[in-house]
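Structure at a glance
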Amino acid sequence: MAMAAAMGVASPYHAAHAAASTSCDSLRLLVAEGRPRRPRGVASSSSSSSSAGRRRRPLVFSPRAVSDSKSSQTCLDPDASTSVLGIILGGGAGTRLYPLTKKRAKPAVPLGANYRLIDIPVSNCLNSNISKIYVLTQFNSASLNRHLSRAYGNNIGGYKNEGFVEVLAAQQSPDNPNWFQGTADAVRQYLWLFEEHNVMEFLILAGDHLYRMDYEKFIQAHRETDSDITVAALPMDEKRATAFGLMKIDEEGRIVEFAEKPKGEQLKAMMVDTTILGLDDVRAKEMPYIASMGIYVISKNVMLQLLREQFPGANDFGSEVIPGATNIGMRVQAYLYDGYWEDIGTIEAFYNANLGITKKPVPDFSFYDRSAPIYTQPRHLPPSKVLDADVTDSVIGEGCVIKNCKIHHSVVGLRSCISEGAIIEDSLLMGADYYETEADKKLLGEKGGIPIGIGKNCHIRRAIIDKNARIGDNVKIINVDNVQEAARETDGYFIKSGIVTVIKDALLPSGTVAA
């Protein structure tokens, strides 16, 4: 069965675009009348106070429209499906997410009961009519590759088969014998492949962010401001701003300065008027800073010029290439994204993002937006079975069997088996990759083994239970002593930020107290 049918939409990446094309021709005509062009890759001059030196603004579109606005119309010419190449950076070893990354790449980490992290940027691309997508990774990519091929391999591109979602792993070549040294280096090593595509822009994304964004509006702002690079920017209050790389803009939204995690007077100096990018006066006073999201639109020939000629030794986009492009006079524009966004970089952030989908009355992030669904692998699992259980403020994935237990404020992943008397609180259970038959369980019992799932009378609180974990009866994972950091890998678990994380495929014998 095609993924589109399983999701209940016409196709994975045309579902939200049927109504957008009716007035495109007239809008394009209006824009063309008021838009001068300069050759791509040629640095623009700084804005001048004289009218002769000012750039003419487009008549219809403006970068002031925030990215999650429902009212603005997108109308790309040429279409994003033919003119934009999506490049998703899978990240490094994911040490801050360890042990979740012990046996998988960071983008392959399960999310929200049924999904994986990589489904977020891929779905955002498909919902934005971007169907040419590469995923760059170099660590533990087997499960990621398998998931992508099963989820998207036969459902992209229609009858012309022009779309794809492919993994590009780090590899040795005559020109470069090294692994990826950073985000820019990863893209540089595959420039020979990317430049073969007849596109206008490269869309650079991260594989470990949770958000929903219409990239067509992002790309449209890039074209209408005639930018070389456009950086997605998140409005920030003073409290959170010190943890991010901040940007300063001029009155046209052009980035003029960068600062990495500034404090004190340096932080104050990075304040900007965020009404320039579209915030109202009230929120602009609350959020006087803008932080880079690590999401970029870069014109194709600009990318080739920057990585090969201007900064051939630069390894990172955020700290080297983007500031460097600003310094040499390229037009680097900020584009405001004013919605939920979370960098899933640590165990605590990952835990909070997952539990955030149980929040009431409105979750931090919703998987129920039918105008922009999150796609994943169609597993054809049966509905979950809940027998005499007390389940509150929780999300239950597909194919679970839950018996006479209590579950509160938790996320229960697919194929989870939870036995009688168990208490699950404030926890994330990732479930299992496969079922064990009754015969399997009987044979295990005869040998003194433990089946996959949560045993009888267990108590689990503020924990992450990775896939295929075997938790015996009367196990307590409640961190009674409030331990904040502990590496107990031989016992099958870690503790980070007070959150107990049971390792994938781990076995915790009956009576274990994890603390």
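The rules behind the values
- Residues numbered from 1 in each chain as written.
- Predicted model: local features only at pLDDT ≥ 70, side-chain atom pairs only at ≥ 80, totals over all residues.
- Heavy atoms only, no water.
- 1 Å grid on protein atoms, 1.4 Å probe; cavity = no way out; pocket = protein on both sides within 12 Å on 5 of 7 lines; lining within 4 Å.
- Points joined across faces, edges and corners; volume = space filled by probe spheres on them.
- Nonpolar A, V, L, I, M, F, W, Y, C, P; charged D, E, K, R; others polar.
- Patch = residues over 30% accessible without salt bridge, like charges linked within 9 Å, V, L, I, M, F, W, Y side chains within 5 Å.
- Areas by Shrake-Rupley, 256 points an atom, 1.4 Å probe, with all protein chains shown as cover.
- Salt bridge = Lys/Arg side-chain N within 4 Å of Asp/Glu carboxyl O.
- Lys, Arg positive; Asp, Glu negative; His and termini not counted.
- Charge placed at Lys NZ, Arg CZ, Asp CG, Glu CD.
- Helix = DSSP H or I, 4+ residues; strand = E, 2+ residues; numbered from the N terminus.
- pLDDT = per-residue confidence, 0-100.
- Contact = heavy atoms within 4.5 Å.
- Pairing = 2+ DSSP bridges.

1. Description of empty space enclosed by the protein
In this approach the atoms are scanned with a rolling probe the size of a water molecule, which exposes any empty space left behind. Taken as a whole and assessed by the stated rule, the structure comprises three cavities of 30 Å³ or more. By volume, the largest cavity is sized at about 90 Å³. What lines the largest cavity is a set of 13 residues, and nearest its centre among them are Ser416, Gly431, Gly453, Ile454 and Ala469. Here the lining of the largest cavity is composed, by residue class, of seven nonpolar, four polar and two charged.

2. Quick word on a negative patch on the surface
Together, Asp273, Asp280, Asp281 and Glu286 give the surface a local cluster of negative charge. Positionally, Asp281 belongs in helix α11 (residues 281-286).

3. Quick look at the confidence of the model for the chain
Per-residue confidence for the chain gives a mean pLDDT of 84; residues scoring 70 or more make up 83%. In the model, residues 1-23 has pLDDT below 50 throughout and makes 47 contacts with residues more than four positions away in sequence or in other chains. Within the model, the stretch residues 26-71 combines pLDDT values under 50 with 98 contacts to residues more than four positions away or in other chains.

4. Thoughts on the pairing of strand β10 (residues 255-260)
On a regular strand, each side chain points to the face opposite its neighbour's, so the side chains alternate between the two faces of the sheet. Across five bridges, strand β9 (residues 245-249) lies against β10 in antiparallel orientation. Of the residues in β10, the one forming a bridge with Ile249 is Ile255. The antiparallel pairing of β9 with β10 creates a hairpin that spans five residues between the two strands, and Gly253 there sits at a positive phi of about 85°.

5. Some thoughts on the sheet that holds strand β18 (residues 406-408)
If you trace the five strands from one edge of the open sheet to the other, you get β15-β18-β21-β24-β27, paired in parallel fashion. A single partner strand is all that each edge strand has here, and the edge strands are β15 (390-392) and β27 (476-477). Sheet topology places strand β21 (residues 423-425) next to strand β24 (residues 459-461); three bridges connect them, and they run parallel. Pairing of Glu425 across the sheet is with Arg461, part of β24.

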